Amino acid sequence: AEFKKQDPDSEVHFMVEQDLDCVQAVQNGEADMAVCAWPVSNRDFSRKLLFTRKNVLVVNSSTDHAKKGSVCIEDLRTISLALPREKTYLRNKVLDLCRSKGFEPDYIENDEPRTAFNCAQMGLQAGIVNEISASKLLKEINNVSIVPFCDPEMDWNVFLIKKKGAKQSKLAKQYENCLLKVSKNI
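Residues numbered from 1 in each chain as written. Predicted model: local features only at pLDDT ≥ 70, side-chain atom pairs only at ≥ 80, totals over all residues. Heavy atoms only, no water.

Caption draft 1: Structural context of the overall build of the protein chain. Regarding its fold elements, the protein chain presents 6 helices and 7 strands. When the helices and strands of the protein chain are listed from N to C terminus, the series reads α-α-β-β-β-α-β-α-β-α-β-β-α. By residue count, 42% of the 186 residues in the protein chain fall in the buried class. In the protein chain, the proportion of contacts linking residues at least 24 apart, taken out of those at least 6 apart, comes to 74%. Summed over all atoms, the accessible surface of the protein chain reaches about 10500 Å², with 49% contributed by carbon and sulfur. Each charge class in the protein chain was averaged separately, 27 positive and 26 negative side chains, and the resulting centres sit 6 Å apart. (Helix = DSSP H or I, 4+ residues; strand = E, 2+ residues; numbered from the N terminus. Buried < 20%, exposed > 50% of the residue type's maximum accessible area, 1.4 Å probe, protein only. Contact = heavy atoms within 4.5 Å. Areas by Shrake-Rupley, 256 points an atom, 1.4 Å probe, with all protein chains shown as cover. Lys, Arg positive; Asp, Glu negative; His and termini not counted. Charge placed at Lys NZ, Arg CZ, Asp CG, Glu CD.)

Next up, the structure:
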């Protein structure tokens with residue numbers, strides 16, 4: 001909406017995809033840029049950090065984890081998780097961090113934060129979502145608690161990425177500038 005105010009005659013096409021698909025679309029030249037939570041290589045992409053927020057563990061309010069001030073990766077040993085699908089950075093990061101601590105987490109895959117909240121509400125699994133989604137869903141879904149991660153590796157870093165050396169249209173540059181301006185208020 002902010003961009004349309006600046007250039008009402010412009011036409012911008014959006015794709016909503018998983019993180020890895022967004023990175024691939026920029027790499028292949030299918031997209032001029034992408035917003036994703038994937039810390040891509042500086043070698044292949046130019047990237048700008050748009051914002052950082054916490055990922056949180058979503059648990060049933062009756063669990064011991066709900067009473068904690070924060071959780072660490074080690075706490076995931078004893079929890080069944082609802083993690084995002086395969087092509088998301090968060091899923092891969094959680095699995096890598098758990099494996100680095102010497103365990104394979106018990107998990108199912110889900111499509112969206114609401115599913116993680118529903119699973120936590122029913123006491124089936126705990127979910128991991130970003131704090132922005134969590135604060136919105138917490139208002140709608142009862143009997144769940146959110147607990148921040150103490151591990152800095154679990155921060156949610158959102159980047160604007162572009163392929164290095166790719167020509168950028170005037171319109172794409174305007175959109176980038178608008179996005180950078182708006183991201184300061186997120």
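Moving on from the coordinates now.
Caption draft 2: Quick look at the pattern of salt bridges. Under the definition given, this model contains 11 salt bridges. We note a salt bridge from Arg85 to Glu109, for which the minimum N-O separation is 3.5 Å. In this pair, Arg85 sits in the loop between strand E3 (80-84) and helix H3 (89-100) while Glu109 sits in strand E4 (residues 106-110), placing the two residues 24 residues apart along the sequence. Classification of Arg85 as partly exposed rests on a relative accessible area of 35%. (Salt bridge = Lys/Arg side-chain N within 4 Å of Asp/Glu carboxyl O.)

Caption draft 3: Examining the environment of Ala34 more closely. Note on placement: Ala34 falls in strand E1 (residues 34-36). What makes Ala34 buried here is its relative accessible area of 8%. In this structure the C-alpha to C-alpha distance between Ala34 and Asn60, which are 26 residues apart in sequence, comes to 34 Å. Ignoring sequence-local partners within four residues, the contact set of Ala34 consists of Cys22, Val26, Phe159, Leu160 and Ile161.

Caption draft 4: Just the state of the cysteines, in detail. Going through the model one piece at a time under the given rule, you end up with 1 disulfide. Linked covalently through their sulfurs, Cys72 and Cys150 form a disulfide whose S-S length is 2.1 Å. On the criterion of sequence distance, the pair formed by Cys72 in the loop between strand E2 (45-60) and E3 and Cys150 in the loop between strand E6 (144-148) and strand E7 (155-163) is long-range, its members being 78 residues apart. The class of Cys72 is partly exposed, set by a relative accessible area of 28%. Cysteine Cys36 shares no disulfide, and the gap to the nearest cysteine sulfur, in Cys22, comes to 6.0 Å. Left without a disulfide partner, Cys119 is nearest to the cysteine sulfur of Cys98, which lies 17 Å away. (Disulfide = S-S within 2.5 Å.)

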